[in-house]
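# Structural overview for review
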Amino acid sequence: MKFVSLFTRRAQFFSKSISEVILLQDVEGLGFEGQIVKVQPGYAFNVLIKKHKAVYNFPFMRERIFPDITDEHIEKRIFDANLIKFKKKLEDLTISVIKEPSATNPDLLKTPLSGKRW
């Protein structure tokens, strides 16, 4: 039988749990100010809470800290951030047409398209 200490058991249990925190400022790769996110307890305490980037999520805590931030406001910020990421991907995109132009208009694809951005 393998010996497992009480500390190891507790660490295994603790590492599988999650904590909900409210972000006090924008954290890159995690979320925006006022957003409730789920993270591992060690990351929540050691990184976010100790550096005053987040607080634990208790009932009505977000309304007390951020009375003017609503779920719709946060969803709009998430949508805008995703839109910016998508726009950056489109800017790096290059489209090549391999098929020959049709017989009706052979000069259509031989001239380069304008560099007009959307």
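These figures come from a predicted structure and were not determined experimentally. (Residues numbered from 1 in each chain as written. Predicted model: local features only at pLDDT ≥ 70, side-chain atom pairs only at ≥ 80, totals over all residues. Heavy atoms only, no water.)

## What to know about the nonpolar core
In terms of nonpolar packing, the biggest core is built from nine residues, these being Val-21, Leu-23, Val-27, Val-37, Val-39, Ala-44, Leu-48, Ile-49 and Ala-54. Ranked by residues supplied to this core, first place goes to helix H2 (residues 41–49) with three residues. With residues up to four places along the chain from it excluded, the contact list for Ala-54 reads Val-21, Ile-22, Leu-23, Leu-24, Leu-48 and Ile-49. Listed in part, the five residues of the second largest apolar core include Ile-22, Met-61, Ile-69 and Ile-74. (Core = buried A, V, L, I, M, F, W, Y, C linked by side-chain atoms within 4.5 Å. Buried < 20%, exposed > 50% of the residue type's maximum accessible area, 1.4 Å probe, protein only. Helix = DSSP H or I, 4+ residues; strand = E, 2+ residues; numbered from the N terminus. Contact = heavy atoms within 4.5 Å.)

## Thoughts on the confidence of the model for the protein chain
This prediction gives the protein chain a mean pLDDT of 80; 69% of its residues lie at or above 70. Scored below 50 in pLDDT, residues 4–9 makes one contact in the model with residues more than four places away or belonging to other chains. (pLDDT = per-residue confidence, 0-100.)

## Points about H2
Since the α-helix turns once every 3.6 residues, residues separated by three or four places project in the same direction. Those residues of H2 that sit buried are Pro-41, Ala-44, Leu-48 and Ile-49. Taken around the axis of H2, the buried residues stretch over an arc of 95 degrees, which confines them to a single face. (Arc of directions from axis to C-beta.)

## A few points about the pattern of salt bridges
Across all of its chains, the model carries four salt bridges by this definition. Arg-62 is paired through a salt bridge with Asp-71; the nearest N and O atoms lie 2.4 Å apart. Under the relative-accessibility criterion, Arg-62 is labelled buried at 11%. Owing to a relative accessible area of 43%, Asp-71 belongs among the partly exposed residues under this scheme. (Salt bridge = Lys/Arg side-chain N within 4 Å of Asp/Glu carboxyl O.)

## Observations regarding the sheet that holds strand S3 (residues 54–56)
A sheet is described by the order of its strands in space; here three strands give the open sequence S2-S1-S3, paired in antiparallel fashion. At either margin of the open sheet sits one strand with a lone partner, and together these are strand S2 (36–39) and S3. Adjacent strand axes in the sheet meet at a mean angle of 40 degrees when their direction is disregarded. Each of strand S1 (19–23), S2 and S3 is contacted by H2, which is oriented at about 25 degrees to S1, the strand it contacts most. (Pairing = 2+ DSSP bridges. Axes fitted to C-alpha atoms, helices over the stretch in contact; angles between N-to-C directions.)

## Quick notes on the side chain of Gln-35
By the secondary structure assignment, Gln-35 is in the loop between S1 and S2. The exposure class of Gln-35 is buried, given its relative accessible area of 14%. Leaving out residues up to four positions away in the same chain, Gln-35 has contacts with Val-21, Ile-22, Leu-23, Leu-30, Ile-74 and Ile-78.

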